[in-house]
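Given next are the chains, with one letter for each unit.
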Amino acid sequence: MSDFAWLGSVAACCTTGSFALQVLHILKNRDTKAISLSMYLVFVFGVLCWLLYGVSNGDVPLMVANGITLVLAATVLLMKVVNERVR
């Protein structure tokens, strides 16, 4: 492990944690109108690709961070789609 592995851990916590905050905000306010559906579709696909890349390389930190981010971002995407159908 390199001397800067801690930096990767901090980055993973920040980027993954930001989606946890977004999910909590949406659950609290039930408002997804300002969220871009196309951005989240592309983002979720990108995170899935990163997850698969981590799996193919056996990179556990990459798999964990992107697995959690995928669940959180997919939750935002699902809430966006559900909220648009209700309106």
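Scroll up a little and you will see the structure.
Residues numbered from 1 in each chain as written. Predicted model: local features only at pLDDT ≥ 70, side-chain atom pairs only at ≥ 80, totals over all residues. Heavy atoms only, no water.

A. Examining the overall build of the chain more closely. On a plain count of helices and strands, the chain comes out with three helices and zero strands. In the chain, the order of α-helices and β-strands from amino to carboxyl end is α-α-α. Its C-alpha atoms give the chain principal-axis dimensions of roughly 50 × 25 × 15 Å. Going through the 87 residues of the chain one by one, you find that 25% of them count as buried. For the chain, contacts bridging at least 24 residues in sequence account for 69% of all contacts bridging at least 6. Carbon and sulfur atoms provide 71% of the accessible area of the chain, an area that totals close to 6000 Å². (Helix = DSSP H or I, 4+ residues; strand = E, 2+ residues; numbered from the N terminus. Buried < 20%, exposed > 50% of the residue type's maximum accessible area, 1.4 Å probe, protein only. Contact = heavy atoms within 4.5 Å. Areas by Shrake-Rupley, 256 points an atom, 1.4 Å probe, with all protein chains shown as cover.)

B. Broad picture of unusual backbone geometry. Unlike most non-glycine residues, Arg30 shows phi in positive territory, near 55 degrees. Mapped onto the secondary structure, Arg30 falls in the loop between helix H1 (5-29) and helix H2 (37-57).

C. Local environment of the packing of aromatic side chains. Across all of its chains, the model carries three aromatic pairs by this definition. Taken together, a centroid distance of 6.2 Å and an interplanar angle of 85 degrees make the contact between Phe19 and Tyr40 edge-to-face. Taken together, the residues span a long stretch of sequence, with Phe19 in helix H1 and Tyr40 in helix H2 at a distance of 21 residues. For the pair shown, Phe19 and Tyr40 are each scored as buried. Aromatic pair Trp50 and Tyr53: ring centres 5.7 Å apart, planes at 85 degrees, arrangement edge-to-face. (Phe/Tyr/Trp six-rings, centres within 6.5 Å; stacked < 30°, edge-to-face > 60°.)

D. Inspection of the side chain of Asn66 at higher detail. Structurally, Asn66 can be placed in helix H3 (residues 60-86). Here Asn66 falls in the buried class, since its relative accessible area comes to 12%. Among the polar contacts listed, one links the side chain of Asn66 to the backbone oxygen of Leu62, at a separation of 3.0 Å. (Polar contact = N/O pair within 3.5 Å; in protein donor to acceptor, adjacent residues only side chain to side chain.)

E. Expanded view of the packing of H1 against H3. Viewed as axis vectors pointing N to C, H1 and H3 meet at an angle of 25 degrees, and their least axial separation amounts to 9 Å. One way to sum up the angle between H1 and H3 is to call them roughly parallel. The interaxial crossing formed by H1 with H3 has left-handed handedness. Packed against H1, whose contacting residues are Ala12, Thr16, Phe19, Ala20, Gln22, Val23, Ile26 and Leu27, the element H3 presents Ala65, Ile68, Thr69, Leu72, Ala73, Thr75, Val76 and Met79 at the interface. (Axes fitted to C-alpha atoms, helices over the stretch in contact; angles between N-to-C directions. Parallel < 35°, antiparallel > 145°, perpendicular 65-115°, else oblique. Left-handed = near helix turned anticlockwise from the far one by under 90°.)

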